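Below, each chain spelled out in residue letters.
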Amino acid sequence: HADKRVSRLRAEGPGLVGVVLNVNEKAGNVVLGQRNFILHGSPVLLEKLGGMTFEITPLSFFQVNTEQTEALYRKSLEAAALTGTETVFDLYCGIGTISLLAARKAKQVIGVEVVEEAVESAEENARRSRG
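In this text the structure is predicted, and so the values were computed from the model without any measurement.

Looking at the overall build of the chain
Counting its secondary structure elements, the chain contains four helices and six strands. When the helices and strands of the chain are read in sequence order from the N terminus, they spell out α-β-β-β-β-α-β-α-β-α. When burial is assessed residue by residue, the chain has 25% of its 131 residues classed as buried. Long-range contacts, defined as pairs at least 24 residues apart, comprise 41% of the intrachain contacts of the chain with a sequence gap of at least 6.

Encoded structure:
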């Protein structure tokens, strides 16, 4: 019934970028599987956060409430009181949102992530942020 569901989603959300079906056939506490099927449009969404544009893909993590996320990240960076001499480690960095925002104020940022697709997006986001 994928065609009917996609038609309904498109009708209800005229700004819909894409619909991706993720399949997880493994038991356990991992939500997402490794297989994605593009049912409509693009599997990539571009979202603005902190004056930067981030590429989000189906297997990458992104906070969906961007207004609250910006406030949280702003407070976190204020609390870190970076002076430009620090090396920051962003563990579980995902697509690099915190990494790239911290890079504006730190000497160096090292992102650590195991999800290959998220690493690829983080690298693309870093290239995009350099202009």
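Quick word on unusual backbone geometry
The backbone of Ala81 shows a phi angle near 45 degrees, a positive value even though the residue is not glycine. Here Ala81 lies in the loop between helix H2 (66–80) and strand S5 (87–91). Backbone geometry places Tyr92, a non-glycine residue, at a positive phi of 60 degrees. Structurally, the position occupied by Tyr92 is in the loop between S5 and helix H3 (97–103).

Regarding the pairing of strand S3 (residues 45–49)
Relative to strand S4 (residues 52–56), S3 runs antiparallel, the two being bridged by five bridges. For Leu46, the partnering residue across the bridge sits in S4 and is Glu55. Linking S3 to S4, which pair antiparallel, is a turn of two residues; within it Gly50 sits at a positive phi near 60 degrees.

Here we look at the nonpolar core
Nonpolar side chains tend to gather and get buried jointly when the protein is soluble and globular. Core analysis: the largest hydrophobic core is formed by 14 residues, its most contacted members being Phe54 and Phe62. When contributions to this core are tallied by element, the ones reaching two or more residues are S4, H2 and H3. Beyond its immediate stretch of four places on either side in the chain, Phe54 contacts Leu45, Leu46, Glu47, Leu49, Phe62, Ile95, Gly96, Thr97, Leu100, Asn125 and Arg128.

Brief notes about helix H4 (residues 116–130)
With 15 residues, H4 extends 22 Å from end C-alpha to end C-alpha; this agrees with the ideal 21 Å at 1.5 Å per step. Restricting attention to buried positions, one finds in H4 the residues Ala118, Ser121, Ala122, Asn125 and Ala126. Seen along its axis, H4 keeps its buried residues to an arc of 145 degrees; they face one direction. The exposed residues of H4 that point more than 90 degrees off its buried face are Glu116 and Arg130. Buried residues belonging to H4 abut S4 and H3.

Concerning the pattern of salt bridges
Think of it this way: side chains of opposite charge can pair up when their charged atoms draw near. One pass over the full model with this rule turns up four salt bridges. Residue Glu12 pairs with Arg8 through a salt bridge whose shortest N-O separation is 3.1 Å. Note that Glu12 and Arg8 are positioned in helix H1 (residues 2–12) at a spacing of four residues, about one turn of the helix. The same class applies to Glu12 and to Arg8, which are both exposed. A salt bridge links Arg128 to Glu124, with the shortest nitrogen-to-oxygen separation between them at 3.7 Å.

Observations regarding the environment of Ala118
Looking at the secondary structure, you find Ala118 in helix H4. Taking the C-alpha atoms as reference, Ala118 lies 10.0 Å from Phe62; in sequence the two are 56 residues apart. Discounting chain neighbours no more than four positions away, the residues touching Ala118 are Ser60, Gly94, Ile95 and Glu113.

Here is what the cut-offs are and how they apply
- Residues numbered from 1 in each chain as written.
- Predicted model: local features only at pLDDT ≥ 70, side-chain atom pairs only at ≥ 80, totals over all residues.
- Heavy atoms only, no water.
- Helix = DSSP H or I, 4+ residues; strand = E, 2+ residues; numbered from the N terminus.
- Buried < 20%, exposed > 50% of the residue type's maximum accessible area, 1.4 Å probe, protein only.
- Contact = heavy atoms within 4.5 Å.
- Pairing = 2+ DSSP bridges.
- Core = buried A, V, L, I, M, F, W, Y, C linked by side-chain atoms within 4.5 Å.
- Expected span 1.5 Å × (residues − 1).
- Arc of directions from axis to C-beta.
- Salt bridge = Lys/Arg side-chain N within 4 Å of Asp/Glu carboxyl O.

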